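Fold and contact review
Now for the letters of each chain:
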Amino acid sequence: MLRLTGGSGTAFAREVASRMVSDAGHEATPVVAGCEPEPEIAALLAALTEREAAVSARELAVSDEIVALERAREEVAREMAALKSAEAQLEETLALADGAAENDLAKLTRMYEVMKPKEAAALFAEMDPVFAAGFLGRMQPERAAAVLAGMEPKAAYTLSLILAGRNGAVPTE
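Definitions and cut-offs
Position labels on residues start from 1 in each chain and follow its written sequence. Selection of residues for local features in this predicted model requires a pLDDT of at least 70, selection of side-chain atom pairs for listing and counting requires 80 or more, and totals for whole chains, interfaces and linings are taken over all residues. Based on all heavy atoms of the structure, the side-chain values leave hydrogens and waters out of the count. Only residues whose relative accessible area exceeds 30% and that form no salt bridge are eligible for patches; like-charged ones are grouped when within 9 Å, while nonpolar side chains (Val, Leu, Ile, Met, Phe, Trp, Tyr) are grouped when within 5 Å. Surface accessibility follows the Shrake-Rupley procedure with a 1.4 Å probe radius. Residue values consider only the protein chains on display as shielding. Any Lys or Arg side-chain nitrogen located within 4 Å of an Asp or Glu carboxyl oxygen qualifies as a salt bridge. Only DSSP runs of H or I with at least four residues qualify as helices, and only runs of E with at least two residues qualify as strands; both kinds are numbered from the N terminus onward. Residue burial is assigned from relative accessible area. The probe radius is 1.4 Å, only protein chains are included, and a residue is buried under 20% of its type maximum, exposed over 50%, and partly exposed in between. Any N or O atom pair separated by 3.5 Å or less is treated as a polar contact, with the protein-specific requirement of one donor-capable and one acceptor-capable atom, and with residues adjacent in sequence counted only for side-chain atom pairs. In what follows, residue pairs with any heavy atoms lying within 4.5 Å of each other are defined as contacts. Among buried residues, those of type Ala, Val, Leu, Ile, Met, Phe, Trp, Tyr and Cys that are joined through side-chain atoms within 4.5 Å constitute a nonpolar core. What pLDDT conveys is the predictor's confidence in a given residue, as a value from 0 to 100. Comment: arc refers to directions from the helix axis out to C-beta atoms.

**A word on a nonpolar patch on the surface**
On the surface, a nonpolar cluster with roughly 290 Å² of combined accessible area is contributed by Val-76, Met-80 and Leu-83. Following the sequence through the fold, Val-76 ends up in helix 2 (residues 39–114).

**Considerations on the side chain of Glu-113**
Tracing the chain through its elements places Glu-113 in helix 2. Glu-113 sits in the buried class, given a relative accessible area of 6%. A distance of 2.6 Å separates a polar atom in the side chain of Glu-113 from the backbone nitrogen of Gln-140. Not counting residues within four places of it along the chain, the set of residues in contact with Glu-113 comprises Arg-138, Met-139, Gln-140 and Arg-143.

**What about the nonpolar core?**
If you look at the biggest cluster of nonpolar residues, it comprises 15 residues, and the most contacted ones within it are Tyr-112, Phe-124, Leu-136, Met-139, Val-147, Met-151 and Leu-159. Where this core is concerned, the elements lending two or more residues are helix 3 (117–126), helix 4 (129–138), helix 5 (141–149) and helix 6 (153–165). Take this core: its biggest share by element is four residues, from helix 4. Sequence-distant contacts of Phe-124, that is, excluding residues within four places in its chain, are made with Tyr-112, Ala-132, Phe-135, Leu-136, Met-139, Val-147 and Met-151.

**Considering the confidence of the model for the protein chain**
Per-residue confidence for the protein chain gives a mean pLDDT of 82, with 76% of residues at or over 70. Ignoring residues within four places in sequence, the model shows residues 1–5, a span with pLDDT below 50, making two contacts including any to other chains.

**A closer look at helix 3**
Of the residues making up helix 3, those classed as buried are Ala-120, Ala-121 and Phe-124. Looking straight down helix 3, one finds that the buried residues subtend no more than 105 degrees of arc, so they occupy a single side. Those residues of helix 3 that are exposed and angled more than 90 degrees off the buried face are Lys-118 and Glu-126. Looking at the buried side of helix 3, the elements it contacts are helix 2, helix 4 and helix 5.

Listed below in structure tokens is the structure:
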């Protein structure tokens, strides 16, 4: 009959709904006049509410950690790119330095080759034997033989031993 009278059913529904919504805007247990929820149910509801708040706080913390990890990942990627770039530049510089050193050694070796053998022999006799043997090993065999022939026999023998033993420690297989 209330439905038939018009707006009274709607008013009744609004009153019940307003009693079910608490001040904070969350749904609450319906308050029926003179009836409190059982203590076990109230404790369970309180525990669930507390658990929901803890889960929400944890979700927020995890979200913040994910953002921080993404930033760290981006920073690591930038650093890796910078390191790869620096490594490429270093390799390029080392290649240039190796090339320049090899060019210098080749020029110096060629200068010793074009010297008169007696003059080169006198110069090689003054050098450290290992250093002199390095140049002799790079020279054309005929030129190196002429320089060794112009040296004192003991010095020529020392340089020959160094040349012969240079690759003795290299594995054969």
